[in-house]
Amino acid sequence: MLVPFVVTLLAGDSPPSGAAPNTAASLREAAAGLFTVGVGISDRIPQHPADWPLLTRHFSAVTPENCLKPNPVQIAEGRFNFTLADAFVGFAASNRLDVVGHCLVWAKDDRTPPWFFRDGTNAASRELLLARMKTHIDTVAGRYRGRMAMWDVVNEALDDGTNFLRASGWSAACGEEFISRAFEWAHAADPGALLVYNDYNNELPGKREKQMRLLQALRERRVPVHAVGLQGHYELDRIPFEDIEEMLRAARGLGLKVVVSELDIDVVQRWQWWADGGKRREELARFDPYRHGCPPEILERQAEQYGRLFRLFRKYADVIARVSFWNLHDGQSWLNHFPWERANHPLLFDRTGRPKPAFDAVMSALK
Ligand code: 9MR
């Protein structure tokens, strides 16, 4: 029987101001000496004091969820907007949090402001596109020189199908070159930052081979790429543990670091959204099984799987530089909205900021 739980706060809500997270132990302290524990959070964290206690107790690195992306940073050519990003970086500095810049190039057309690819009525040439990319990287990475611990330099450039690179304005005009140039220019703009190539599903067979081929080629050409980012947007009961381990071993073999950059475990599995050409979407759009709370048996399964993941991360602590969750607590997760609206419970803290069974499982894996 499904016990209906009362959720006192709705998605997006935060614990009341000043409410201390109900736990004595701290994630970042438990992981000290292994890897940094971080989190991707709202760009507007400086205006959300209710989130500060939970954030600073458990995490030592922060990624702004959106404000450093090409859209919105340079929405029109030469029109840069750093209002949110400056405040975010300032907030992080005053709270002694490392900042992960995300991201300088997002190799997807719908995530790149369209002007990048245009030259009047024609497509921008390779030269023009690279020159624009250089200006963007010099300006953005240069502005925060010395203040970023890491940068996601290129995001999501690998193809999900049979091609090597994703089809985009970037790959069409420049082939692989835009990737190596992005790393070279990022390194020149901020020589102290650890530079990451970031992608999703890149531990899975097929995409993993492409990932390794790309990294190998970059290393051979002495391109300054320092780490591979596994986004880690996993789904309950479908975590590819063996593939993750394979990827960790392969990265170690190449002398590269790994960052788990956007970790969560979706409990209202989203894979069905794409299955069978998306036939079930109409029905799924109304599927919201845990809107009154997540059943204890699901929370337990999630805890076991989080525990297993962190035991694996611990085993490869020499390779892993950072593990970051994507969003602070369940109420703030992007998975409440993507790919359809549903109450999700993918993180270690519930909607009131209280630790879930998954938190305890991660803590004991780290011990
Ligand atoms: O969580 C982010 C969401 O608020 C944005 O609307 C979306 C588009 O910019 O990006 C989300 O974050 C993504 C990240 O930048 C890259 N990896 C996948 C993340 C979840 O979609």
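Every chain is numbered independently, its residues counted from 1 as its sequence is written. Since the coordinates come from a predicted model, pLDDT governs what is reported: local features require at least 70, and pairs of side-chain atoms require 80 or more to be given and counted, while whole-chain, interface and lining totals use all residues. The side-chain figures draw on all heavy atoms in the structure; neither hydrogens nor water molecules are used.

Asker: I'd like a description of the overall build of the protein chain, backed by residues and values.
Answerer: Check the secondary structure of the protein chain and you find twelve helices and 13 strands. For 367 residues, the compact-globule formula gives about 21 Å, and the C-alpha radius of gyration of the protein chain, at 20 Å, lands near that figure. Only protein chains enter the calculation, and the probe is 1.4 Å; a residue is then buried if its accessible area is under 20% of its type maximum, exposed if over 50%, and partly exposed in between. A total of 367 residues make up the protein chain; the buried ones form 56% of that total. For this analysis, residues touch if any pair of their heavy atoms sits within 4.5 Å. In the protein chain, of all internal contacts separated by at least 6 residues, the share reaching a separation of at least 24 is 78%. Here a strand is any run of E in DSSP of at least two residues, a helix any run of H or I of at least four, and the numbering for each starts at the N terminus. This radius of gyration counts C-alpha atoms alone. The globule rule is 2.2 Å times how many residues there are, raised to the power 0.38.

Asker: Before we move on, can you summarise the confidence of the model for the protein chain with the specific residues and values?
Answerer: The pLDDT score gives, residue by residue, the confidence of the prediction method on a 0 to 100 scale. In the predicted model, the protein chain carries a mean pLDDT of 94, and 93% of its residues have values of at least 70. Taken as a whole, residues 1-13 scores under 50 in pLDDT and shows 25 contacts with residues more than four places along the chain or in a different chain. For residues 16-21, every residue scores under 50 in pLDDT, and the model assigns this stretch seven contacts once sequence neighbours within four places are set aside.

Asker: Break down the packing of helix 9 (residues 241-254) against helix 11 (residues 296-315) for me, citing the residues and quoting the values.
Answerer: Angular values range over 0 to 180 degrees, each being the angle between N-to-C directions of two axes fitted as lines to C-alpha atoms, with helices fitted over their stretch in contact. Where helix 9 contacts helix 11, the two axes come as close as 11 Å, and the packing angle between them is 15°. Looking at the two axes, helix 9 sits roughly parallel to helix 11. When the axes of helix 9 and helix 11 are compared, the crossing they make is right-handed. Contacts between helix 9 and helix 11 involve F241, E242, I244, E245, L248 and R252 from the former and Q305, R308, L309, L312, F313 and K315 from the latter. Any angle from 65 to 115 degrees is called roughly perpendicular, while one under 35 is roughly parallel, one over 145 is roughly antiparallel, and all others are oblique. The crossing is said to be left-handed when, going from far helix to near helix, the turn is anticlockwise and less than a right angle, and right-handed when the turn is clockwise.

Asker: Before we move on, can you summarise the packing of helix 11 against helix 12 (residues 357-366) with the specific residues and values?
Answerer: Here helix 11 crosses helix 12 at 25°, and the two axes come no closer than 8 Å. One element, helix 11, and the other, helix 12, form an angle in the roughly parallel class. Between helix 11 and helix 12 the crossing geometry is right-handed. Residue-level contacts link L299, E300, Q302, A303, Y306, G307, F310, R311 and R314 of helix 11 to P357, A358, A361, V362, A365 and L366 of helix 12. Each residue is assigned to one of three groups, with Ala, Val, Leu, Ile, Met, Phe, Trp, Tyr, Cys and Pro labelled nonpolar, Asp, Glu, Lys and Arg labelled charged, and all others, Gly among them, labelled polar. Here the residues of the contact of helix 11 with helix 12 are counted per class, giving ten nonpolar, two polar and three charged.

Asker: Got a sec to walk through the site of the ligand? Specific residues and values, please.
Answerer: One heavy atom within 4 Å of a molecule or strand makes the whole residue count as near it. In the vicinity of the ligand, 13 residues are found, and the nearest of them are E65, K69, H102, E262 and W326. A distance of 2.8 Å is found between an oxygen atom of the ligand and a side-chain nitrogen or oxygen belonging to K69. Note on areas: Shrake-Rupley with a 1.4 Å probe; residue coverage comes only from the protein chains shown. Contact with the protein chains removes 77% of the 460 Å² of surface that the ligand exposes when unbound. A class-by-class count of the residues in the shell around the ligand yields three nonpolar, five polar and five charged. The term polar contact refers here to a pair of N or O atoms within 3.5 Å; inside protein, the definition further demands a hydrogen-donor-capable atom paired with an acceptor-capable atom, and it admits residues adjacent in sequence only when both atoms are side-chain atoms.

Asker: Summarise the pattern of salt bridges; cite the residues concerned and give the values.
Answerer: For salt bridges, the criterion is a side-chain nitrogen of Lys or Arg within 4 Å of an Asp or Glu carboxyl oxygen. Summed over the entire model, instances satisfying the criterion amount to 25 salt bridges. For the salt bridge of K207 with D160, the shortest nitrogen-to-oxygen distance reads 2.6 Å. With K207 in helix 8 (residues 207-220) and D160 in the loop between strand 8 (150-155) and helix 6 (169-174), this pair connects stretches of sequence that are 47 residues apart. Under the relative-accessibility criterion, K207 is labelled buried at 7%. Taking the shortest distance from any N to any O, the salt bridge between E184 and R181 comes out at 3.0 Å.

Asker: How would you explain the pairing of strand 5 (residues 98-106) if you had to name every residue and give the values?
Answerer: Most of strand 5 is tucked away: eight of the nine residues are buried. DSSP calls a pair of strands paired once it identifies at least 2 bridges connecting them. Of the pairings in the sheet, the one linking strand 2 (residues 61-64) to strand 5 comprises two bridges and is parallel in character. The partner of A61 across the bridge, within strand 5, is D98.

Asker: Let's hear about the nonpolar core: which residues, and what values?
Answerer: Counting residues in hydrophobic clusters, the biggest one holds 109 residues, and the most contacted among them are L27, F178, F310 and F325. Among the elements that take part in this core, helix 11 stands out by supplying eight residues, more than any other. The residues contacting F310, other than those within four sequence positions of it, are F35, L263, V323, F325, V362, A365 and L366. In terms of nonpolar packing, the next biggest core, distinct from the first, is built from six residues, V100, M150, A227 and A321 among them. In plain words, nonpolar cores are sets of buried Ala, Val, Leu, Ile, Met, Phe, Trp, Tyr and Cys residues tied together by side-chain atoms within 4.5 Å.

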